[in-house]
Amino acid sequence: MITIYNSLNPSNYIMVVVAIVVGIVIGGIGGIILYSLISSKAHFFKNILLYIIGTVMFVAGIYVLGTMLLSSYYNVRYVLVPYSQGAYQEVEGEVENYRATELDKDVYFDLDGENFHIGNYEIGDIGYQGHSIKNGDYLRIRYFEYDENIILRIEKEDTVDGE
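Residues numbered from 1 in each chain as written. Predicted model: local features only at pLDDT ≥ 70, side-chain atom pairs only at ≥ 80, totals over all residues. Heavy atoms only, no water.

Tallying secondary structure elements over the protein chain gives 3 helices and 6 strands in all. Secondary structure elements of the protein chain, listed N to C terminal, follow the sequence β-α-α-β-β-β-α-β-β. Within the span of the protein chain, comprising 163 residues, buried residues form 29% of the whole. Once local pairs closer than 6 in sequence are excluded, the contacts in the protein chain between residues at least 24 apart make up 60%. Accessible surface, the protein chain: about 10,500 Å² in total, of which carbon and sulfur atoms supply 61%. (Helix = DSSP H or I, 4+ residues; strand = E, 2+ residues; numbered from the N terminus. Buried < 20%, exposed > 50% of the residue type's maximum accessible area, 1.4 Å probe, protein only. Contact = heavy atoms within 4.5 Å. Areas by Shrake-Rupley, 256 points an atom, 1.4 Å probe, with all protein chains shown as cover.)

Here's what the structure looks like:
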């Protein structure tokens, strides 16, 4: 079996760190602009554009930072910790009822009686790391049961034709 998708790949978390840093930088620059205007007692109406820019940057930075911190907390608390403790489901078998939507290119399929959905933002046009999924493929999937099954890892039986 080869891994064709792993949502727990450490490289996925690099973007979270980058977003946190960007949030801090944007919020910090906005805060500095506001602080310098307020501490210098600059006339509000003459510098209204700077006040607006500073406020927008500060709020946007705080928003990005807060969103990423909450997302990271959720990921650690409800995904990484339970996963490391083995609190996930695993199913193995042949893909059945494979269907892709034309509009958003989302993919739906069944595996051993479980329903799965893969969003276009996860799979892209070429599939997972160049591997497509189709009816009859033999897969092993690790997932969490939630409102819908959340896929953590997909492994595909290695075949001769490279598919």
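Back to the write-up after that little detour.
Another point: the packing of aromatic side chains. Enumeration according to the criterion identifies 3 aromatic pairs in this entry. Linked through ring pairs, Phe109, Phe116 and Tyr143 together constitute an aromatic cluster. (Phe/Tyr/Trp six-rings, centres within 6.5 Å; stacked < 30°, edge-to-face > 60°.)

Bringing the side chain of lysine 156 into the picture now. Relative to the helices and strands, lysine 156 is located in strand E6 (residues 150–156). In this structure the side chain of lysine 156 is engaged in a polar contact, spanning 3.4 Å, whose partner is the side chain of aspartate 137. (Polar contact = N/O pair within 3.5 Å; in protein donor to acceptor, adjacent residues only side chain to side chain.)

Time to look at the confidence of the model for the protein chain. Summing up the model confidence of the protein chain, the mean pLDDT is 80 and the portion of residues at 70 or higher is 85%. Here residues 123–127 is modelled with pLDDT under 50, and outside its nearest four sequence neighbours on either side it reaches 8 contacts, counting other chains as well. (pLDDT = per-residue confidence, 0-100.)

Take the pairing of strand E2 (residues 89–100) next. In this sheet, strand E5 (residues 138–144) lies alongside E2 in antiparallel orientation, the contact comprising 6 bridges. In the sheet register, glutamine 89 faces E5, and the bridge partner there is tyrosine 143. Two strands pair when backbone bridges link them, and E2 and strand E3 (residues 107–111) are joined in this way by 4 bridges, in the antiparallel orientation. Across the sheet, the residue bridging to valine 95 is leucine 111, located in E3. (Pairing = 2+ DSSP bridges.)

This part takes up a nonpolar patch on the surface. Taken together, the side chains of Phe44, Phe45, Ile48, Leu49, Leu50, Ile52, Ile53 and Val56 define a hydrophobic patch exposed on the protein surface, amounting to about 760 Å² of accessible area. Topologically, isoleucine 52 is positioned in helix H2 (residues 48–84). Residue classification places isoleucine 52 among the partly exposed positions, given a relative accessible area of 46%. (Patch = residues over 30% accessible without salt bridge, like charges linked within 9 Å, V, L, I, M, F, W, Y side chains within 5 Å. Salt bridge = Lys/Arg side-chain N within 4 Å of Asp/Glu carboxyl O.)

Below, the discussion takes up the pattern of salt bridges. The full count for this structure, using the stated rule, is 6 salt bridges. One salt bridge in this structure joins arginine 140 and glutamate 92, with 3.2 Å as the shortest N-O distance. Here the residue arginine 140 occupies a position in strand E5, and glutamate 92 occupies one in strand E2, the gap between them amounting to 48 residues. The class for glutamate 92 is partly exposed, based on a relative accessible area of 34%. The salt bridge partner of aspartate 137 is lysine 156, with a shortest N-O separation of 3.4 Å.

On the surface, a cluster of negative charge is made up of Glu94, Glu96, Asp112, Glu157 and Asp158. Inspection of the secondary structure puts glutamate 157 in the segment after E6. (Lys, Arg positive; Asp, Glu negative; His and termini not counted. Charge placed at Lys NZ, Arg CZ, Asp CG, Glu CD.)

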